[in-house]
Each structure stands twice: as C-alpha cells, then as structure tokens.
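What follows is the residue order along each chain.
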Amino acid sequence: MIDNVAVETAPEVPLWNDPAHPVSTRVSALIKAMTMEEKIAQLYGVWVGASDEGGDVAPHQHDMEEAVDLDALLPTGLGQLTRPFGTAPVDPALGALSLLRTQARIASANRFAIPAVAHEECLAGFAAWGATAYPVPLSWGATFDPDLVHRMAAAIGRDMRSVGVHQGLAPVLDVVRDARWGRVEETIGEDPYLVGTIGTAYVRGLEGAGIVATLKHFVGYSASRAGRNLAPSPMGPRERADVLLPPFEMAVREGGARSVMASYTDTDGVPAAADEALLTGLLRETWGFDGTVVADYFGIAFLKTLHDITADWAGAAGAALGAGVDVELPTVKTFGAPLAEAVAAGRVPEEVIDRALRRVLTQKAELGLLDRDWDPVPSALDGADLDDPEALRGRIDLDGPENRELARTVAEEAVVLLSNDGTLPLDRPRRIALVGPNADEPTAVLGCYSFPQHIGVHHPEIPLGIDLPTLRSTLAAEFPDAELTTVRGTGVDDGDVSGIPEAVRAARDADVVLAVLGDRAGLFGRGTSGEGCDTESLSLPGAQQRLLDALLDTGKPVVTVLLAGRPYALGRAVPEAAAIVQSFFPGVEGTAALAAVLGGRTNPSGRLPVSVPRGPGAQPTTYLGARLAHASEVSNIDPTPAFGFGHGLTYSTFEWSDLVVDGEKAPTDGEFQLALTVRNTGARHGTEVVQLYLHDPVASVVQPVQRLIGYTRVPLEAGEGRRLRVTVPADLAAFTGRDGHRVVEPGDLELRFAASSTDPRLTATVTLTGPERRVDHTRRLHADFGLEGAADA
C-alpha cells in the first residue's frame, strides 16, 4: 500500500471520442447525449468565405438567404462549412489558416468539440484561387481513359485534403439528353456506360485521396424539357432506369462514393429532394448506399418556392428528411428553427432526425473529426508559424509542375480531330492567319466552375492566380518561324460583324487559316455555356458562323478549332473546312495541347463523348435513339449527326481484322468470348479506341438501335498489331422490361466492334439461349478487355 501519494488519473475519454470503439457504438452514444437543437445543428451548413488575412471565415451573404449569425449558431454545433475557398479569391495558405482557426472555434464552441465538414466544388479541379483548372468533364469523356481520369482526381483530392477540405461536390453523372442544356460542359457525355466508367474512376481517385465524393445530380436533371435549366424532366421510368440511373449505380457499387446530391428536378410531379422511393428505396435499400445525401443548394427550400408541394419551410424540411435527404446546403434555412418547431409540434418524428444524424456523424467519425486527438492543422501547414499569417502567403502551390503536366496529358488525350483533308498536322507554314474570338483569349479554355469564371469574374481587380497561355502564344512557340497574324473577327456572342472584312484580308494573305471559335463559360446568362446558359439552337453563338463562312469563301485552307462547352452545328465547315478540331474547355494546358496536335507533336486520340449535330435545330437527339428517333421518310427533320458519338480521327490509320467468336451461343446467365486484331498501318505511333456496341434486333420493349457496352484504348507503334480478347457477359444485354424489372431475354444479338457509333468495323451475331432471366443491381456491368502480344502480320 502506498500512503500519502497523489495519483493523477487521466480524464475519462468520452466514448464518442475514442477511436478504439466501433464507429457505430461511438455514434450511438453521441446521439443519445445530444439535445434536439444539437442534433439538428449537425444537419445543415453555413456558406462562408475564408479570410485573406488568415482570420476566421465570414458568412457569405447570398440573395437567396438571410444573414447568418455564427456566434448564435455555434454553441449547438455546425454540420458543414460551405466553400471556404471557393467564395472569394484567397491565398491558399491564408485560406487554410482561416479554415483551421474557424474549425478550432467551431469545436471549442459546442459541448462535444465536433468540427464541421468543409466542402468545395471540384468539377474541373479544386475551385480555389491559384489552383489548377483541369479540363471540364466533357473532356474527361473525350479521353475514353478512366485510368487517366483516376490520376487527375487523385491529384485534385490531394490538394483539397492538404488544406483542410473534406468533401468535393463532384462528379456530375448526368447523361446528356439535350445538348441545348447549358450544363453539358459539366457532364461526361451522352452515353451512360461512358459516363459511369469515367465518373467512377473520378470517384475512386477522389475517395482514395480522402475526399468524400458527391455524386450529382440524383437524378434526371439533364433530361429537362427543351434543355432548360431547372425545368421538369418528362422522362418515363424506363428511360430513368436504363439511361440516367446506371452511372450512379456504378459509382455507388464500384466507386465507393460516400455522398449523393439530390437533384433540383421533378419527375412526373415528384421532386427528387422529396422522392422517398428514389433516395431511400432505390439508393439505400436496394443499392446499399450508406453515406450522406445532401441537398443541392437551396433545393429543400425549392420544395416550397418552386415545386409548391409544401406550404411552409417546416413542411419542406419534413418532406426532404422523410425522403432521405440528410444535410441542407448551402446554408441553414428549413433545417433550422422551422425544423426544430416542427419536431416540437410532432410534425416531424425525432427518429427521422436521428436517422439523418447517424449518417452525418458516422461520416465525421470516419473522417477522424470525432477523435480525441483531432487536429485542425492541415498537412500543408505542418511546421508553419501560424502566428505570422503574412509569412505564410505564397507557401502553398496548388498549381505546381506535376499538376500542369497531368492537366496537359488530359487535355491532349481529349482533343478530338473531327475531320482532316491532310492539312493537319501543319507542315512549317510560313504565314498563319489566326482568326476568331477565342484565338487570343486566356479564359477561353475554362469551364463555368473554374475559379476564374465562377468567382474571379466578380473580382476583376484580383489577378487570375494561374497562368493561362492563349492559343496565339502557344502557336507562336510551336511555329517560331511562321508569321502569325491575329484578327478577332467577331465576339463570342456580340453579333458584331465589323471585324469580318479584316479577318478575310488576313486569311487571303495566309498559307493556312486557323478559325478559333466556340464559347465563353459563365453562369446564369453571363456566358454561352454553363449553368443557366441554355441555348435555343445549336448554331454557333453570335456571328461566328458568318465569320466562318466568310473565311471559307476565301478558298484558303481553313482549320476550324473549337474551344467550347457543347457541340455545335458547323454548317459549311463540315464538308468544306480543311480540318475541324474539337476541344471541350481543356483547362490551363489546353492551348499547349492544341498547339501540339496542330503541329503534329501529339497524335490526337480523343473521341466524341457527344454527337456533333448536322443542323442546329434537330434537338433533342442522341445516338441512343430507338429506330423511330432516326431519319425516316415520314419526317423532314433529319437528326443524323455530322459526327457521331465516339468519332475521332488520328494521324495514323488502323486495320481491324480476324474477328473470332468462341461459341456463338450462350445461356442468358453466360458469356461470350471474342477476339480480334487491331493493327497500326500508319507511319507513326497512335492510339485506337476500340468501342463495343450492342444491337438487340428484337426485344419485348423498344430499345436503342445500339448502345455502348465496352471500350478500350489500344496504343500501337507504326506497323504493330495486337490481339484483343473480350469477354462479354450476358448481363450486358439486360434492359428494363414491361413489368419494370431488368431482364435478359433469349434471342439473337449483334456485337459491333466499332471506331464510333457510326463506324462499325467488325460484327458478330450471337445468340442467348434458355429462359428469360431477371437481374438486379448485382449484375455484371462490364465487358473484360485484354491485350495479348504482337499479332502476326
């Protein structure tokens, strides 16, 4: 026995702060200890902006929200911080300091020391001042390269996590249904399999870096009537099941996404944010999703103000919570006092609050935010003197050489050569006329969710924060001996034709004309592409077609270069231009990528993720149309595209041959084995993109004439051939039958190996035998591609 010795006992660690216990146990204990006000506080965010002096964040005032008093809110806690970096231009190091100080303030203000989840946009890179602006998602789709997109997402995620961000609001998995929709640039393409595979790769990269990926917009946003933003989506259940849902299903099953954002839209009168069958029945009970469902910004309030399905804010909160929405973003509105009053009045059951709270706290526990040793200092500020903010300025580089190199690789693989009469690659031209509104415009490579276009435009006094070389400057470096004459000709959308005569004179004096046309990204009418920038037709904006036609009239070879957020009808350029090069907002290294392709240092390998229309008014249309959606003798409107989905040329030529099917019959639960040879018959290294389409000649419900079920990139040296082996499971023939269940039906199928949706090369007719088979979300989703060694010449 020891007498008269004081023994210090370490304070008992609350169960919820002890990572030695299972997360579920910790969360249950915490929920039990919380008051109703503390529970509700975890279910909303506050929109803030970081301080450029490193002080606490300040609430952001938006015209759709009331002022927020942080001092009044914080004692009960806070679920999320909305866009601390993406609200105003802030030096990244000082933004990180501001965020960590705010997190420390949040944790110290509530009884349980719980910090907030900080989320940011990351649709084309981390949307922060000074961060790399990567190509937009439509360019990701053009690469047909999931591995590359995975690498890009991992880099984006590492940058976000290094400064204290936890959640990214990407990827967009909406499938393009109408190219007039302004947000086409944010999508990956018009095919659900392409969207699913590229989007899932992005999710894996982001999640692997420790960032919670948020799938959006769940579901139907892109199917809006007439391509109008936030319009109703008049789709049937089969279109939703077979076209719009598969990318989300894949990203949940295979990507490990931990968050989903409910869409603004309504389908057949039911808003997505109040659709229990969608957010709980399908997403959670069927697919097994166990993460958080967050509201699109103001989406819960819209249940009252736009959808008119509730009479008050409390009704909107109850409808969203009951359906399965867990977090209100961007700021507290319906989930604040209205929700607390509704619970007290018995209008909203407490168990619905606890259900959402459990998901939110589980995610915070998994992020380490409940641990007793949680530290608000992010890795980028490890070892820094946090008491000297000015010394931190410039310490964090979010646009370093590795990022730029990765951005260039993505941009290069995404360039699509639509047509070429042999003019490209340019062979030491002596005089180049560089004409068009995007020829010497730095921001022509940026999408609407890049920081400079999204936020920077509101702060013209602040530098862009990233180096954006124009196409003029990169071409000058690519062709140092050429005389380069630059003429704007017209604006993107101002309709001004006064500069066209000067452009024509420059063209007549040149050996080759580069007509650099396209879009200006913006939001809500401030651009020709982007959120809220829908268009009535797919004609080039403004007077650009008049400029292009005038250049074609000169008789000089005209190379049409498009920096755009959507495909456009190009009129006479389709048959008359010497070449057409398509680039979808390719990011900070986009002009360097274009110069490399135009000069021939890079052999283009991009493929169209969306069809390019022949005429401006044949919308909506995608290659996924059934037979009645294609050209016919009973309509004078021909929707046949100028360039179909999957199309893209290279500076090489490829020969496909020797298709062999190992067994032409398989049961409805079986698979087919096929092999073919792809050979580079050109004079230089190149990459062929082998696409596999399925055609079902007879089905119990109307099917698309064909749909993509697989693809792979095949890089080949000049003269090299490779044998490609493909396993095609019968599950890939599944579709939603008349009773609403997905089935695989017996019968003949065509498996088309194609260079695009309009260029089949080799076709195998195979037969599924046996009974009709019902499949579910556990079905196989992919054909397996394998490359063998060199094929015989």
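Below: a short report on this structure. These numbers come from a predicted model, not from an experiment. (Residues numbered from 1 in each chain as written. Predicted model: local features only at pLDDT ≥ 70, side-chain atom pairs only at ≥ 80, totals over all residues. Heavy atoms only, no water.)

This paragraph deals with the nonpolar core. If you look at the biggest cluster of nonpolar residues, it comprises 221 residues, and the most contacted ones within it are Tyr202 and Phe218. The contacts of Tyr202, once residues within four sequence positions are left out, are Cys122, Trp140, Val149, Met152, Ala153, Ile156, Ala170 and Pro171. In terms of nonpolar packing, the next biggest core, distinct from the first, is built from 31 residues, Trp656, Leu694, Val728 and Leu751 among them. (Core = buried A, V, L, I, M, F, W, Y, C linked by side-chain atoms within 4.5 Å. Buried < 20%, exposed > 50% of the residue type's maximum accessible area, 1.4 Å probe, protein only. Contact = heavy atoms within 4.5 Å.)

What follows deals with the packing of helix H12 (residues 313-323) against helix H13 (residues 337-344). Look at H12 against H13: their axes get within 8 Å of each other, and the N-to-C directions meet at 80°. When the interaxial angle is binned, H12 and H13 end up roughly perpendicular. Contacts between H12 and H13 involve Trp313, Ala314, Ala317 and Leu321 on the former and, on the latter, Pro338, Leu339 and Ala342. Split into classes, the residues belonging to the contact of H12 with H13 amount to 7 nonpolar, no polar and no charged. (Axes fitted to C-alpha atoms, helices over the stretch in contact; angles between N-to-C directions. Helix = DSSP H or I, 4+ residues; strand = E, 2+ residues; numbered from the N terminus. Parallel < 35°, antiparallel > 145°, perpendicular 65-115°, else oblique. Nonpolar A, V, L, I, M, F, W, Y, C, P; charged D, E, K, R; others polar.)

Glancing now at the pairing of strand E6 (residues 212-218). Among the 7 residues that make up E6, 7 are buried, leaving the element largely enclosed by the rest of the structure. Bridging between strand E5 (residues 167-168) and E6 involves 2 bridges; their strand directions are parallel. Counterpart to Gln167 in the pairing with E6 is Val212. What joins E5 to E6 is helix H7 (residues 192-208), and the crossover it makes is right-handed. The sheet contact formed by E6 and strand E7 (residues 259-262) spans 3 bridges and is parallel. In the strand pairing of E7, Thr214 is matched with Ser259. (Pairing = 2+ DSSP bridges. Right-handed = clockwise from strand over helix to strand, strands pointing away.)

Before going further, it helps to examine the pattern of salt bridges. For the coordinates displayed, the defined rule picks out 40 salt bridges. With a shortest N-O distance of 3.8 Å, Asp275 and Arg240 are connected by a salt bridge. Within this pair, whereas Asp275 is found in the loop between strand E9 (270-271) and helix H10 (276-286), its partner Arg240 is found in helix H8 (residues 237-244), the two being separated by 35 residues in sequence. Residue Asp326 is joined to Arg284 by a salt bridge in which the shortest nitrogen-to-oxygen separation is 2.8 Å. In this pair, Asp326 sits in the loop between H12 and H13 while Arg284 sits in helix H10, placing the two residues 42 residues apart along the sequence. Under the relative-accessibility criterion, Asp326 is labelled buried at 0%. (Salt bridge = Lys/Arg side-chain N within 4 Å of Asp/Glu carboxyl O.)

All right, on to the packing of aromatic side chains then. Under the counting rule described, the total for this entry stands at 14 aromatic pairs. Relative to Phe126, the ring of Phe85 has its centre 5.6 Å away and its plane inclined at 65°; by these criteria the two rings are edge-to-face. You can see Phe85 sitting in the loop between strand E3 (80-82) and helix H4 (92-109) and its partner Phe126 sitting in the loop between strand E4 (117-120) and helix H5 (137-143), a full 41 residues away along the chain. Residues Phe85 and Phe126 agree in their burial class; the two are buried. (Phe/Tyr/Trp six-rings, centres within 6.5 Å; stacked < 30°, edge-to-face > 60°.)

Another aspect to go through is the sheet that holds strand E16 (residues 579-584). Across the sheet, which stays open at both edges, the 6 strands sit in the order E11-E16-E15-E14-E12-E13 with mixed pairing between neighbours. Unpaired on one side and paired on the other, strand E11 (416-420) and strand E13 (483-487) mark the two borders of the sheet. The average angle at which neighbouring strand axes cross in this sheet is 15°, direction not considered. Where strand E12 (residues 431-435) and E13 come together, 5 bridges link them in parallel fashion. Along E13, the bridge assignment pairs Arg431 with Glu483. Of the strands in this sheet, E12, E13, strand E14 (512-518) and strand E15 (558-564) are in contact with helix H18 (residues 471-478), which crosses E13 at around 170°. Its contacts with the sheet put helix H22 (residues 590-599) on E14, E15 and E16, and the angle it makes with E15 is roughly 155°.

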